[in-house]
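A structural walkthrough
Take a look at the letters that make up each chain.
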Amino acid sequence: DDDMFSSAFCENSEKLIDVHLFALAAEYYSLSNLGVCTPLEDVLEALKGSSQGASGIKLDEFMNNKKSHEVQVMSELVDSIANYCGIKQVIDIGSGKGYLSSFLSMQYNLKVYGIDSSNSNTNGAHERNRKLKKHWRAYQSRGRANLKTQSLEKTNDRPVESEMKYKTINEEFLNNTKSLQSRDHAIMQDLVPSRGFTEMGIFETRTETEADLVAQTKSHEGKLSEEVLAILNVLPADAVEVFSSSHCNWGELSEEEKVQRKMTSLKTKATKSSESNLYLPLTSCITAETELSDIITDLEDCVMVGLHTCGDLAANTLRIFAAKPEIKAICSVGCCYHLLSEQFENQEECCDKVWGFPMCQYLKDKGWCCGRNARMSACLALERVAVGQMLPTESLFYRAVLQVIIEEMYGVTKSDRHVGKTFSKSSSFIDYVRRSLKKLELDDSKLPDGCIMDYYEKYKHRMNELEAFNMLKVVLAPCIEVLILLDRLCYLKEQENIAWSGLVKLFDPVKSPRCYAVIALKEDSCS
């Protein structure tokens, strides 16, 4: 198996000679095939969590479908971790516009500090959270009423069938408990430490059907949160008027009922008051040396989370987690691998610098380096390409020819400036080149239109080659991502105070290509 890649290349010329073997080898070394990931369902079960399921709401009608998916899945996991550790405080690193932070605070009643380096993101998160809080209870009440109506309709439509199905399910559950218990124990015994998860009573037999019914009721209530998340971005400040849930005449109530309603009202007001500061967006640049207590004055035992933390930020959050005793658990999903700093990329002697890669001692001892091209490839989305979302070949071709032009005509091989999303704003290749040269602060007046088109004509017949080359990069992408993610996991395994750590596939990779989370719990959180 170790020779699979080398056999795909010519021994003398080192050129690729067997594309099929290359693809098989890449698949073999992908994270999904290596068997090192812990299934999300097993983690939730170990944490005593439970999947809420889908509500049938089309979230993409209200907000970005990708973000809805990410926030719903990750917030459920984070809440389960917080409950298991007995923690109410969450630190969201790289919180951006505050989607995850708002949802964790509103739906799960967690106290969340969202830290982002962009002041505009922080201000936007403040305003979005204000609107969400204003309409949360009204929307939740309306959603609960809708779910109740739907449930009644289903019950009336198929009462006999529902009763029979319920009876059958519970009989099968009781009969199969022992076999399920054995199977689950076999799956989990090699994935969890001797203390921590194994002490959680993961495989307790639940025979009381009443408990199942309560869990189903909570699941229905949890579905309401998805509807609220769906309107996160579209509600104006005065969109919903909150109506009283009671229309009874106060004079018709008994003294006992009046007292009860007064108590309920006071509890509601107290809850609203306590929730007023549940989510606080902050602006700060996070590094490996950051002292969270300098940013958060009431820092306590907490869970650190990061949803698509960019470049070195993902590595730095793991280092902060390992170093700070207050942080009992972490759930981090990284992205933007191309922005990682590498210790051995330029062979620079810089002992004091903290690098994004490698993190673990094993790869440091090997002096391992990916290089920018490999890291760029790791950002590609194989699963999206596999379902027909093809690469933007034309824009990639424009960018490739532009690089030839600036090297041959301007003698520039490296630049700190970036072209960015110039392609989408350009009407033609000539327009693209001129816009790009201005961004790079190069004089485009020395380059006539005819010269620009000569370069285009010279290379356009090689566009198919470029597409094939990029497809090979897509196939190889998961292997490079494996290296980066396993480096982070191994770093956590090297720490003495970590009770359990693992890689968990959180998201649908078609919806969210960077779908793997690095999760860890410290020993004192599992006691």
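Small disclaimer: the values here were computed from a predicted structure and weren't measured.

Quick word on the overall build of the protein
Assigned secondary structure in the protein consists of 19 helices and seven strands. A total of 527 residues make up the protein; the buried ones form 43% of that total. Contacts spanning at least 24 positions in sequence make up 75% of the contacts within the protein whose residues lie at least 6 apart. Within the structure as shown, the protein displays about 29,000 Å² of accessible surface, and the carbon and sulfur contribution to it stands at 51%.

What about the pattern of salt bridges?
Scanning all chains against the criterion turns up 14 salt bridges. Put simply, Arg 435 and Asp 431 hold a salt bridge, and the shortest N to O gap is 3.1 Å. Residue Arg 435 and its partner Asp 431 are located together in helix H17 (residues 429-439), separated by four residues, close to a single helical turn. According to the relative accessible area criterion, Arg 435 is partly exposed, its value standing at 37%.

A short note on empty space enclosed by the protein
Per the stated rule, a full pass over the model turns up one cavity of 30 Å³ or more. If you add up the space inside the largest cavity, you get close to 40 Å³. Surrounding the largest cavity, Ala 314, Leu 318, Ser 332, Gly 334, Leu 485, Arg 488, Tyr 516 and Val 518 form its lining. Secondary structure elements with two or more residues in the lining of the largest cavity: helix H12 (312-323), strand E5 (327-335), helix H19 (463-494) and strand E7 (516-522).

Points about the sheet that holds strand E6 (residues 498-505)
Judged by pairing direction, the sheet is mixed, and its seven strands sit side by side in the order E3-E2-E1-E4-E5-E7-E6 without closing on themselves. Each edge of the open sheet is held by one strand with a lone partner, namely strand E3 (279-283) and E6. Across this sheet, the average inter-strand angle for adjacent strands is 15 degrees, counted without regard to direction. When E6 meets E7, the two strands line up antiparallel, connected through seven bridges.

What about the pairing of strand E1 (residues 89-93)?
With five of its five residues buried, E1 lies for the most part within the structure. Residues of E1 alternate between two faces, with Gln 89, Ile 91 and Ile 93 on one and Val 90 and Asp 92 on the opposite face, all of them buried. As judged from the five bridges shared by E1 and strand E2 (residues 111-116), these two strands associate in the parallel manner. Opposite Asp 92, over in E2, you have Gly 114 as the bridge partner. Here four bridges tie E1 to strand E4 (residues 302-310), and the two strands are oriented parallel to one another. Counterpart to Asp 92 in the pairing with E4 is Val 305.

Examining the confidence of the model for the protein
Looking at the protein, the pLDDT average stands at 77 and 66% of residues meet or exceed 70. A low-confidence stretch, residues 50-62 (pLDDT under 50), is modelled with 25 contacts involving residues beyond four sequence positions or located in other chains.

Digging into the packing of helix H16 (residues 393-410) against helix H18 (residues 449-459)
Remark: H16 packs on H18, axes separated minimally by 10 Å, with the N-to-C direction vectors making an angle of 125 degrees. By the angle between their axes, H16 is oblique relative to H18. Considering the relative orientation of H16 and H18, their crossing is right-handed. The segment H16 lies against H18, with Phe 397, Tyr 398, Val 401, Val 404, Ile 405, Glu 408 and Met 409 engaging Cys 451, Tyr 455, Tyr 456 and Tyr 459. Classifying every residue of the contact of H16 with H18 gives ten nonpolar, no polar and one charged.

Structural notes on the environment of Asp 298
Position of Asp 298 relative to the elements: it lies in the loop between helix H11 (292-295) and E4. Placed 209 residues apart in sequence, Asp 298 and Gln 89 show a C-alpha to C-alpha distance of 9.8 Å. Those residues within four positions of Asp 298 in sequence are excluded, and the remaining contacts are Gln 89, Lys 111 and Tyr 113. Polar side-chain contacts of Asp 298 include one of 2.6 Å to the side chain of Lys 111.

With respect to the nonpolar core
Counting 78 residues, the largest nonpolar core has Met 74, Leu 77, Ile 81, Cys 331, Leu 506 and Ile 519 as the members making the most contacts within it. Ranked by the residues each element gives to this core, the list is headed by helix H5 (residues 65-85), at nine residues. Beyond its immediate sequence surroundings of up to four residues, Leu 77 is in contact with Leu 40, Val 43, Leu 44, Leu 47, Cys 331, Leu 506 and Ile 519. Core analysis: the second largest hydrophobic core is formed by 22 residues, Phe 397, Leu 402, Ile 405 and Leu 447 among them.

Focus: unusual backbone geometry
The bulk of non-glycine residues show a negative phi, and the bulk of peptide bonds are trans. For the bond from Phe 357 to Pro 358, the omega torsion is -5 degrees, close enough to zero to count as cis. Among the structural elements, Pro 358 can be located in the loop between E5 and helix H13 (361-366). Residue Glu 14 is not a glycine yet carries a positive backbone phi of 65 degrees. Positionally, Glu 14 belongs in the loop between helix H1 (4-7) and helix H2 (19-28). Here Glu 14 falls in the exposed class, since its relative accessible area comes to 63%.

Here's the deal with H17
Phe 429, Ile 430, Tyr 432, Val 433, Arg 434, Ser 436 and Leu 437 are the residues of H17 that are buried. The inward-facing, buried residues of H17 contact H16 and H18. One or two steps after H17, the chain reaches Glu 441, where phi turns positive at roughly 60 degrees.

Side note on the environment of Ala 23
Position of Ala 23 among the secondary structure elements: in helix H2. Taking the C-alpha atoms as reference points, Ala 23 and Phe 5, 18 residues apart in sequence, are found 9.2 Å from one another.

Quick notes on the packing of aromatic side chains
For the structure shown, the criterion picks out nine aromatic pairs. Aromatic side chains Phe 397 and Tyr 456 sit 5.7 Å apart centroid to centroid with 80 degrees between the ring planes, which places their arrangement in the edge-to-face category. Here the residue Phe 397 occupies a position in helix H16, and Tyr 456 occupies one in helix H18, the gap between them amounting to 59 residues. Taking relative accessible area as the criterion, Phe 397 reaches 3% and is therefore assigned buried. Looking at Tyr 456, the relative accessible area reads 17%, which means it is buried. Ring centres of Phe 429 and Tyr 456 lie 5.2 Å apart, and the angle between their planes is 45 degrees; this geometry places the pair in the tilted category.

What counts, and where the lines are drawn
Residues numbered from 1 in each chain as written. Predicted model: local features only at pLDDT ≥ 70, side-chain atom pairs only at ≥ 80, totals over all residues. Heavy atoms only, no water. Helix = DSSP H or I, 4+ residues; strand = E, 2+ residues; numbered from the N terminus. Buried < 20%, exposed > 50% of the residue type's maximum accessible area, 1.4 Å probe, protein only. Contact = heavy atoms within 4.5 Å. Areas by Shrake-Rupley, 256 points an atom, 1.4 Å probe, with all protein chains shown as cover. Salt bridge = Lys/Arg side-chain N within 4 Å of Asp/Glu carboxyl O. 1 Å grid on protein atoms, 1.4 Å probe; cavity = no way out; pocket = protein on both sides within 12 Å on 5 of 7 lines; lining within 4 Å. Points joined across faces, edges and corners; volume = space filled by probe spheres on them. Pairing = 2+ DSSP bridges. Axes fitted to C-alpha atoms, helices over the stretch in contact; angles between N-to-C directions. pLDDT = per-residue confidence, 0-100. Parallel < 35°, antiparallel > 145°, perpendicular 65-115°, else oblique. Left-handed = near helix turned anticlockwise from the far one by under 90°. Nonpolar A, V, L, I, M, F, W, Y, C, P; charged D, E, K, R; others polar. Polar contact = N/O pair within 3.5 Å; in protein donor to acceptor, adjacent residues only side chain to side chain. Core = buried A, V, L, I, M, F, W, Y, C linked by side-chain atoms within 4.5 Å. Phe/Tyr/Trp six-rings, centres within 6.5 Å; stacked < 30°, edge-to-face > 60°.

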